[in-house]
Each structure stands twice: as structure tokens, then as C-alpha cells.
Amino acid sequence: MIWHIFKKDWKLLWWQAGAVVALATGSVLADAQRGYFGSTDPPRTETALIILAFLAGLFLITELVQQDPIPGGAQDWLVRPVKRADLLLAKLLFVLLALEAPILIVAVMTDFARGFPLGTTLSGVTVEMLAMTLSLGLPALAFASLFRGITETIAAAFAVVLALMAGGFLIMGRANFPLVGPTNQTGVHWVADVAENSVYFLGAAAVLAMQYYRRQTVRARWVAAAFFALARLTPMMPWQSAFALQQGLAPSPGSASSVVLAFDSSPNRTRLAFCIPVTVSGLPADSWVNVDRVSVSLTDAAGGVVWKNPIQLPWIDSAKPFSSIRGHDGCEPFSMDSDEINRLSKMSALHARLDYSLTLFGLDKSYAIPVGSSSDGDQVLPDVGRCGTRTGYWVTLRCITQKAPTCAMAFLSNKTTGLRTPPAYSCNPDYEPFGGETSTTWGSGLSIPSRNLPDPVITNWQFVLRTYKPLDHFTRQLTTPAIDLRDWVSGL
Amino acid sequence: MIQVRDLWKKFGRHEALRGLSLNVSEGSAYALIGANGAGKTTTIRTLVNIEEPTSGSVTIMGVDSRRISPRELSYIGYVSESQELPARLTVQDYLAYLRPFYPTWDRDLESALRAQLRVPRNWRIGHLSHGMRIKMLLLCALPYRPKLLILDEPFSGLDPLVREELMQSLLSQAGETTILISTHELGEIEGMATHVAFIDQGRLLFEQSTSDLMERFREVRITFESEVRPPETPADWLDVRSAGSSMTFVDSQFSDSTFGERVGALLTGVRRVETEPMSLRSIFIALARSARESRSE
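Residues numbered from 1 in each chain as written. Chains lettered and ligands numbered in written order. Predicted model: local features only at pLDDT ≥ 70, side-chain atom pairs only at ≥ 80, totals over all residues. Heavy atoms only, no water.

**Q** Tell me what's going on with the overall build of chain A, and back it up with residues and numbers.
**A** From N to C terminus, chain A includes 12 helices and 14 strands. For chain A, with 492 residues in total, the buried portion stands at 46%. Contacts in chain A between residues far apart in sequence, at least 24 positions, make up 76% of those at least 6 positions apart. Accessible surface for chain A amounts to roughly 22800 Å². Of this, 63% is attributable to carbon and sulfur atoms. (Helix = DSSP H or I, 4+ residues; strand = E, 2+ residues; numbered from the N terminus. Buried < 20%, exposed > 50% of the residue type's maximum accessible area, 1.4 Å probe, protein only. Contact = heavy atoms within 4.5 Å. Areas by Shrake-Rupley, 256 points an atom, 1.4 Å probe, with all protein chains shown as cover.)

**Q** Pulling in residues and values, what's your account of the sheet that holds strand β14 (residues 270–277) of chain B?
**A** All names here are of chain B. The strand order across the open sheet formed by 4 strands is β12-β13-β11-β14, and the pairing between neighbours is antiparallel. With one partner strand each, in any of the chains shown, β12 (237–243) and β14 form the two edges of the open sheet. Between one strand axis and the next, the sheet turns through 15° on average, direction left out of account. Across the sheet, helix α9 (residues 256–266) touches β11 (218–224), β12, β13 (246–251) and β14, and the angle it forms with β14 is around 140°. (Pairing = 2+ DSSP bridges. Axes fitted to C-alpha atoms, helices over the stretch in contact; angles between N-to-C directions.)

**Q** Before we move on, could you go through the interface of chain B and chain A and cite the residues and values that matter?
**A** Across the boundary between the two partners, chain B contributes 26 residues, which contact 24 residues of chain A. Of the roughly 2300 Å² buried at the junction of chain B and chain A (both faces included), carbon and sulfur atoms supply 56%. On the chain B side of the contact with chain A, R88(B), Y97(B) and F101(B) bury the most area, a combined 30% of that side's loss. Summed over the shared surface of chain B and chain A, the result is 4 salt bridges. E63(A) is the partner of R88(B) in a salt bridge, and the nearest nitrogen-oxygen pair spans 3.1 Å. Viewed at the interface, chain A and chain B are joined by 13 residue pairs in polar contact (both at pLDDT 80 or more). Elements with a minimum of two residues in the side of chain B that touches chain A: α2 (70–73), α3 (91–98) and α5 (130–141) of chain B. A per-element tally of the side of chain B that touches chain A places α3(B) first, with 5 residues. Per-class residue counts for the side of chain B that touches chain A are 17 nonpolar, 4 polar and 5 charged. (Buried area = accessible area lost by both parts, 1.4 Å probe. Salt bridge = Lys/Arg side-chain N within 4 Å of Asp/Glu carboxyl O. Polar contact = N/O pair within 3.5 Å; in protein donor to acceptor, adjacent residues only side chain to side chain. Nonpolar A, V, L, I, M, F, W, Y, C, P; charged D, E, K, R; others polar.)

**Q** Can you lay out the nonpolar core for me, pointing to particular residues and giving the numbers?
**A** In a soluble, globular protein the nonpolar side chains are often hidden away together inside. Counting 120 residues, the largest nonpolar core has I2(B), Y94(B), M136(B), I150(B) and I189(B) as its most contacted members. Looking at which element gives the most residues to this core, the answer is α5(B), with 8 residues. (Core = buried A, V, L, I, M, F, W, Y, C linked by side-chain atoms within 4.5 Å.)

**Q** Any chance you could break down the sheet that holds strand β10 (residues 407–414) of chain A for me, citing the residues and the numbers?
**A** All names here are of chain A. The 6 strands lie next to each other as β4-β3-β6-β14-β10-β11, forming an open sheet whose pairing is antiparallel. The strands lining the two open edges of the sheet, one partner per strand, are β4 (305–308) and β11 (424–427). Ignoring strand direction, the axes of neighbouring strands in this sheet form an average angle of 30°. Pairing geometry for strand β3 (residues 287–299) and β4, over 3 bridges, is antiparallel. Across the sheet, the residue bridging to L298 is W307, located in β4. Sitting on the sheet, helix α8 (residues 239–248) touches β3, β6 (351–370) and β14 (461–479), and the angle it makes with β14 is about 125°. Helix α10 (residues 338–345) contacts β3 and β4 of the sheet and is inclined by roughly 160° relative to β4.

**Q** Can you lay out the pattern of salt bridges for me, pointing to particular residues and giving the numbers?
**A** Taken as a whole, this structure holds 25 salt bridges over all chains when the rule is applied. Notably, a salt bridge pairs D68(A) with K91(A), separated by 2.7 Å at the nearest N-O pair. Remark: K91(A) occurs in helix α3 (residues 84–113) and D68(A) occurs in the loop between α2 (44–66) and α3; sequence separation between them is 23 residues. K91(A) carries the same exposure label as D68(A), and that label is buried. As a salt-bridge pair, E215(B) and R218(B) come within 3.9 Å of each other at their nearest N and O atoms. A relative accessible area of 48% means that E215(B) is categorised as partly exposed. Each of the salt bridges in this network shares a partner with another, and the network as a whole consists of K8(A), D9(A), D68(A) and K91(A).

**Q** Let's hear about the state of the cysteines: which residues, and what values?
**A** Residue and element names in this part refer to chain A. Tallying each qualifying case throughout the model produces 2 disulfides over all chains. With a sulfur-sulfur separation of 2.1 Å, C387 is cross-linked through a disulfide to C399. A torsion of 105° about the S-S bond marks the disulfide between C387 and C399 as right-handed. Note that C387 is positioned in strand β8 (residues 385–391) and C399 in strand β9 (residues 394–401), a separation of 12 residues in sequence. By relative accessible area, which is 0% here, C387 ends up buried. Under the relative-accessibility criterion, C399 is labelled buried at 0%. C407 shares a disulfide with C427; S-S distance 1.8 Å. Torsion about the S-S bond of the C407 and C427 cystine: about 45°, corresponding to right-handed handedness. With C407 in strand β10 and C427 in strand β11, the pair connects residues that are 20 residues apart, well separated along the chain. Here the two residues C407 and C427 agree in accessibility, since each one is buried. (Disulfide = S-S within 2.5 Å.)

**Q** Residues and numbers for a nonpolar patch on the surface, please.
**A** All names here are of chain A. Among the surface-exposed residues, I51, F54, L55, M132 and L136 lie close enough to one another that they form a single nonpolar patch of about 430 Å² accessible area. Counting only elements with at least two residues in the nonpolar patch, the list comes to α2 and α4 (118–145). It is α2 that contributes the most residues to the nonpolar patch, 3 residues altogether. Residue placement: I51 occurs in helix α2. (Patch = residues over 30% accessible without salt bridge, like charges linked within 9 Å, V, L, I, M, F, W, Y side chains within 5 Å.)

Scope: geometric values only; no functional claims are made or implied.
See the structure below:
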């Protein structure tokens, strides 16, 4: 009877489903319209379409559930021979077939038209839609099942938003307060994201089971509130757990075993204030290390921690090349306020301890792309996407990718002499192990100054793009010999 | 068909049902009567597992109400004045939606009923009047010839003509169907109900066949020789009133053979005794008034 119930809902809601799909299609097509060299940020109309499609989708799901509401005792379906499982599955089927499948088809067709292989396009889009169903569609169904009528559901949604804002003011002094956890802005952020979405999914599954099989609305509301609170707390998951999981998923485990980090004890380096000199050795060819997280602490002679740097995200100098450590000039900086300095200066025989979480990146692919106005245009770079160059004062490469390279470097190379321009870098570590996504413009692209060289000259050059991929995730710990903070203070 | 044993239902601190026990036998037309808030709707909702019992047991068609499955529901017709239907569907769309759920759905019977009840096919359910909606519910409950038909206040708020149409449809199609009906409109069911149960404040006051009930209730008027003080009367004489030299009451344990003897033993100076059979409605009013008075005491 699943299909039969689906048809009844379709009869009532087809035009709303059509409106949501139209809005979503509009946003996909508007994105496709921008091309490589359009704005990387979506224009207002596209943003508006995305927001409208999102809200209309949530409204549609609410309407869908409210065709056969759960709370209350007067609904006709309760006394009909309708299997509860059929009813729930019919609602899920509607979300999949009437709402998500058309959007998926449009996205696949758009990517296919952009020249991406159908296989990767389908898998990427399917993964994305599945994730959206589990972490958004299902929770929306579950939320709507807790209330009777559209008005009550919308009022409850507003109440949740207001409660979040009030909670934000109480906890952090501002209304918008996504909790910032240790994985935030690191390549491991996906672990917290997946954990959060899993909690939403599990909560939704529990609520839907309670509602459709037992109709325990009051209890289900408490369960929903508990799961929601838990999901909001997942960004605070410990770094060690997230990174340990990432280590288990390393593409080439053990490839970083030869990498050694050591304290640089040369006299001219050790007296630098608030900076621990570090050297790295044992790197395989064409590889470098990314610092995902570093914890600097000071320990006393007995090994007890007397101070810990509250900031554990690495400081990255984006202008630095991919030398041994990305964005690192061989010195691990940390900051300390004056009260701490005064307190700790009185202590002798302090040791600095550095706990590193690191990722070894290796060369993945190298592409040589012709430049010059006659060569500007479309080309497909395997494993990157569909790219185009534009030659002017700068030679710029922009791509539409399904999954942008995590890190890349580019320079202009003279085909005859082998001369190179200084390189440009783009690096946004993201170690998510899943497949691709729907296509999008590679945000930054890469631009190299060429100073308007005329075509006969510039065509002798080529645009070299090198992409890097993570190979291994590993940890290292360093402990310095005794340091004296008074030396640093006097040197300031 | 239905057995209810020591049924309790609490909503928070409020006890809607307090140890209710009922027995509806197959083929009967069982009327559940009681004042507003007596627990009739809660009882009915518990039967079909819309509400779960706090304690006690409910068996319907041999199955624990908590385990009632679509199989049993496909043999149960349900009509309630508060039933919510999908307002945006048309009558014919909703009938088309319901048909596949009932293996025994008879389309000819559906057509006959639709003609009899004069329910417009192409109207949206949300546009139907209250009376038309109740007729629509009946139209959705009868075509599969349910073994059990549950009617919760079906006549509430209906004009006499619609009531008559409903009753005619019920009587013509009921056949072997067991009927459980809760209603205030006792006049409508007087000729139909085979059994009556009276509920007050979640408790069963009595359960009896209608013929026995009508037999044991009499409206009595006694005229005395002279003006008398109201005498002490037995508890089964309800709604006792006296004015001047006459007294009226409802005898709830009337027996032709013993009544005269009883009156003679309890009262003196009796000049004339008149007894009248009572309608179900009058019995209900007498019982409800008596229950209310005993609560206020």
C-alpha cells in the first residue's frame, strides 16, 4: 500500500513538489550559468533561490506529514487498515521520488552537460543527496511528526530558533553560536560534521519509530530535544578521537614513518622569543607536511604542565611555499599574556612540549597547460575538472570541479629555458573520504602574474599545475631542553 | 465481540475511565450512554487503539486492543463526529483511496449508499457541511460490510432529516453487523439498541438488554388521600418529587408482580397508583439526574 498512499499524497501535493523542484533547478542552472570566471560567490538571485528552495522543501515535508498527522485521536487514518510502516515508507518515498529525485536528475544532467563523466557525477550526486536525506529530510519528517497541523509545526520551529538564540546569548553572548570545536577549520572537520549528522539521523529515526509505531508524542518530543542538544554539542568532540579516526582512514598508512620532527638547538635559533625552533627531516620526495593541530605547553622539572597555549590551530603563512612544513618558517610560535609571563618567569627549568597532529601530503598529478590568448579556453584536466585559462596581466586558471584539489601549486614555466615564475598556492585541507559532490566553481583558482606579455612570448611558456593529496596522518611529540623565559623577556 | 475488563485510563492526573467493564456480544446493537465527559469517547478510542489503556484489558474481535492490526481494522467500521478527514480530497478521491484497504469492499453497495445518502461525489471533503460529513463517514464505513460498526456520537448536531437518513442507512445495511453506538440522541436508537450501558464519570453504572431495562423502569405517580409529608423512599426510586397529595418517582426495579405489595408496605393513605412505561430518553435523564444528585451529596 506504500505506492497507494504515495499516490494520494502526490494528488494533493504535486504542485508544491513541482514548485520546490523548480526553485532548486533554478539555483542549479544559475550556478551553471556563472562558468569559470563568474563570481565565485553566488549572486543574490541565486542565493535567494537556494534559500527559497530550502524553505519550500521543509514546508512541503511538513505538509506531507500533516496529511496524516500523528498526534491527536481524531485522525481518520488511525481507524483504517493502514500499516504504520507503509505510511512511514510512503512519506519517505515521497521525499525521495517527488522532491529529491528530480533535483538529483537536474544536477546530474547539469554536470553531465559540463563534461563530467556520468559515473562520477551520479555517485557524487547520490552521495550528496543521500547525506541530505539522512541529515535533513529525515529530521524534517521527524520534526513535523511531533506536531499537529502546519501552524503548530511552524510555531514550534520558530520556538526552536528562538530557544537557540536565547541559548546563544546565555552561553556565548551572541545569537548565532555554532559551537567552535577543535576540528573546526581543519581537514578533520568532516568527522564532527558526520557525527553531528549521524546524531540528527539517529534522533530522527528514533522519533519516527516512536511516532509511527507507538504514537508517543510527548516522549518523542523529549527524545527529539535530547538528540538535538547532543547534535549541537558534537562539534566539541575531542581532537584526539577525531584525528585517531582520520589516522585509521589514511590512504597510505605508514608512509610518514620516516618523518622526524626535532628541536633545532642551534644557538641563534633557541633565543627567539615565543617561538620554538623545529626542523623536519625524512620527508619522501615531492612531499610536505601539513600541521593540522599543535599543542604547545610548558612543563616544570617534574613534568607537570604549568601552562598550555589555548590556541592549538597552526599559524599558517599562506605566502610560504610548500617547504617541509606548510606555511611554517621553522619556528613554532605561541603567545602568552603578560601575567603569565610574570608568573612563569619566576620558574626555572621549564620545558616546552609540542604535540603535533600532522598530515603528509604527496604529489598527486602534474598538468602542463598551454597559455596565451589563442590557447585560452576549455579543457578537461582529469581528476580536477573542466578548466579554463585567461591570459592578461595575470594568467589565471579557474576550474569547475566536483571535488576541488585539496592543495595545489602552480607556476609558469618556460618551455625552452625551464625558467619558473614564483609559484602560487591554493590549499584547503579537507580529508573527507567520501566521493565527489555536485560540480562547483573551484573557489580560488590560481593566478600568476605574467605582466601582459605578448602572445609570441607568452606562448613559449606553460602553466604548470601540481596537485597534492594527503597520504598519511600521524602524530609527533617534541620536548625541548630547559628554557628560561627571562631570556625571552629580556630579548623583547 | 468486545470484552472490556477493569479498564482504567488516566490523562495526567485526570481519571477518564475508572475500572470500566463491558461485554458486547456478537450481533447486538449496544448503546453506550452517559453525560458529557462520562468517558464514552475515551472507551471507544481505547477499543480501536487510538488510546492505550492505563490498566485493564480490552479485547476486540478476539484481539487485545493494543495488538489490533490492519487485518482487524478492515472488519471494523468507525464513525465519529470529531473524525478528521483529508479536507482537500474530493469524496470520490477519498473513496478510491480507501477501497484497496478493504478486501471486502462492495462497489455496488457503495453506489447504492451514495445514492441513498446523497453525498456529492465531486465536492472536496473540506467543503462538506457537518451533516454531509457524517454521511460521508458512514459512506466510508459501510461498503465493506464491517463485522463491527462503532459509532461515536454520530447524530450530534444533525437536523432531524439527516438523522432519519442516517438511521435508515444504518438499519438497511447493518445486517449481521455488531453495532456499538455512543449517543445522547436516545430517541433515535430506541428501536435499534438491543443493549444499553450507562457510564458515569468513567464507571459503568449498569449494562442490560434494552427490553429488560424498559421492563424494570417505570414512571410512577401516586395520589394520596390527603396532603402528606414526603416519606422515606428506597434507593431504587429515583427522582422522587412530591406536591400536595401526589408523589412522582421513577422506579428503577419495577416488577409487575411485587410493585403493589411494595407500595402498600412503604406508603399509607394511597388513593391511586399510576405507572407508565418510560422511553430510553426518560430513563437516561432520570439516571443522569440521580447520578448527579448522588455526587453532589
